[in-house]
Amino acid sequence: MQPDLPRRADFSRLRYAQCWEDADILLEALDVRPGDRCLSVASAGDNTLALLSRGPEKVLAVDLSPAQIASLELRVAAYRVLAHGQLLELMGVRPSRRRPDLYGRCRSLLSPQARRFWDGQPATIAHGLGTGGKFEHYLDLFRRLVLPLAHPRARIERLLRGGPSGQREAFYAGEWDTWRWRLLFRVFFSRLVLGRAGRDPSFFLYVNGGVAGRLLARSRHALTELDPSQNAYVHWILTGTYGVALPFALRMENFDAIRAHLDRLEWRCASLEEVADRLEEGEIDRYNLSDVFEYVSLEHYHRLLERLARAGRSGGRMAYWNLFADRHRPDYLADQLRPLKALADRLHAVDKTFFYGAFVVEEIV
């Protein structure tokens with residue numbers, strides 16, 4: 001039975017212009033090796049491309065959203081024809097007045113569907129590919145309209161300079177964690193506002209309890225226990241750019257390795273369920289499953305997890321995030337999947353995409 005998520009949510013628009021999942025911990029969790037066959041939820045494309053840096057035999061990217069597939073396609077074209085600095089310009093990471101021209105250099109490599117999509121997005125092209133998703137627009141509202149009511153620019157800049165752990169803790173407690181910050185955060189990141197403006201109300205169908213309090217606690221972790229000066233995602237949320245820190249796929253040292261393996265990447269606009277039904281037993285070594293289980297019922301999650309495990313090679317791994325819904329391997333699949341909890345918990349503690357409630361790594365038996 002197929003999930004009803006496509007009927008509950010609109011997947012015609014670009015929801016995520018960036019991958020809001022930390023590829024550094026994903027790559028360590030999956031331990032991708034040359035010769036591996038990977039299946040990856042496409043999302044915006046960044047983490048799928050990050051997998052290529054490890055030289056796998058094949059990466060199959062899957063997404064039920066044509067807009068997200070178009071996002072991946074344009075990134076692939078950019079890696080093929082642009083220099084690293086030009087890629088950063090096109091993404092909106094570095095200042096540029098020539099993004100339409102850079103897009104023009106990539107355009108001929110796109111499929112007709114992706115070309116139609118991006119030809120209809122001139123504003124996103126002009127501002128940078130990383131700015132154009134619904135979630136990024138939501139964060140832009142927070143940055144422009146809400147954040148200035150809580151903190152002046154100088155205080156934000158001071159936060160982003162980071163510093164030793166004790167200094168970060170003292171700054172957070174003494175200057176950042178004000179009643180105004182907590183109030184505005186809880187309102188803007190409430191289930192109602194986040195569902196309507198940032199994600200989709202249907203994405204919370206299987207979430208129990210409030211969400212703002214959990215996000216506030218995770219943000220404290222990111223601003224004190226982790227170093228904000230080295231966190232690209234915190235920089236983007238607070239300033240609209242990455243600063244000196246970049247996500248894995250955009251770092252110069254990874255650019256050539258990704259470009260060298262682009263021919264090993266395939267993509268399909270389809271649901272994960274449709275693809276899983278066509279996989280043969282033992283076909284996949286590594287799974288990047290994003291947070292897709294967040295949006296389906298527990299029963300459906302169990303069935304899909306079982307199908308993916310059956311298509312996995314013994315010794316392979318799958319990794320996925322929990323945002324608000326608790327999704328971990330059920331006991332009845334113990335003979336097919338073994339949780340790597342110590343590894344997952346260690347990586348979750350340093351996850352720069354700090355808002356996730358859990359990171360899950362499971363080994364195929």
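This text follows the structure it describes.
A short tour of the structure in this document, coming up.

Procedures and definitions
- Residues numbered from 1 in each chain as written.
- Predicted model: local features only at pLDDT ≥ 70, side-chain atom pairs only at ≥ 80, totals over all residues.
- Heavy atoms only, no water.
- Helix = DSSP H or I, 4+ residues; strand = E, 2+ residues; numbered from the N terminus.
- Contact = heavy atoms within 4.5 Å.
- Areas by Shrake-Rupley, 256 points an atom, 1.4 Å probe, with all protein chains shown as cover.
- Axes fitted to C-alpha atoms, helices over the stretch in contact; angles between N-to-C directions.
- Parallel < 35°, antiparallel > 145°, perpendicular 65-115°, else oblique.
- Buried < 20%, exposed > 50% of the residue type's maximum accessible area, 1.4 Å probe, protein only.
- Pairing = 2+ DSSP bridges.
- Disulfide = S-S within 2.5 Å.
- Salt bridge = Lys/Arg side-chain N within 4 Å of Asp/Glu carboxyl O.

### Brief notes about the overall build of the protein
Consideration 1: Scanning the protein from N- to C-terminus turns up 19 helices and 7 strands.
Consideration 2: With respect to the three principal axes, the spread of C-alpha positions in the protein is 55 × 50 × 40 Å.
Consideration 3: Within the protein, residue pairs in contact and separated by at least 24 positions form 75% of the contacts whose partners lie at least 6 positions apart.
Consideration 4: Entry remark: accessible area of the protein is about 15,200 Å², with carbon and sulfur atoms responsible for 53%.

### Looking at unusual backbone geometry
Consideration 1: The backbone phi angle of Asp 31 is positive, close to 50 degrees, even though this residue is not glycine.
Consideration 2: Counting through the fold element by element, Asp 31 comes out in the loop between helix 2 (23–30) and strand 1 (37–41).

### Quick notes on the packing of helix 11 (residues 165–176) against helix 14 (residues 212–224)
Consideration 1: For the pair helix 11 and helix 14, the least separation of the axes is 8 Å and the interaxial angle reads 135 degrees. The angle between helix 11 and helix 14 falls in the class oblique. When helix 11 is examined against helix 14, the residues Ser 165, Arg 168, Glu 169, Tyr 172 and Trp 176 are found in contact with a partner set consisting of Arg 220, Leu 223 and Thr 224.

### Comments concerning the pairing of strand 4 (residues 284–288)
Consideration 1: Most of strand 4 sits inside the fold, with 5 of its 5 residues counted as buried.
Consideration 2: One ladder, built from 3 bridges, connects strand 1 with strand 4; its direction is parallel. Across the sheet, Cys 38 pairs through a bridge with Arg 286, a residue of strand 4.
Consideration 3: Across 4 bridges, strand 4 lies against strand 5 (residues 312–322) in parallel orientation. Across the sheet, residue Asn 288 finds its bridge partner in strand 5, namely Ala 319.

### Considering the state of the cysteines
Consideration 1: For the structure on display, the rule yields 0 disulfides.
Consideration 2: Of all cysteine sulfurs in the structure, the one in Cys 19 sits closest to Cys 106, which takes part in no disulfide; the separation is 18 Å.

### Here's the deal with the pattern of salt bridges
Consideration 1: Scanning the entire structure with this criterion turns up 23 salt bridges.
Consideration 2: Residue Asp 36 pairs with Arg 286 through a salt bridge whose shortest N-O separation is 3.6 Å. Taken together, the residues Asp 36 in the loop between helix 2 and strand 1 and Arg 286 in strand 4 connect sequence positions 250 residues apart. For the residue pair Asp 36 and Arg 286, the accessibility class agrees, reading buried in each case.

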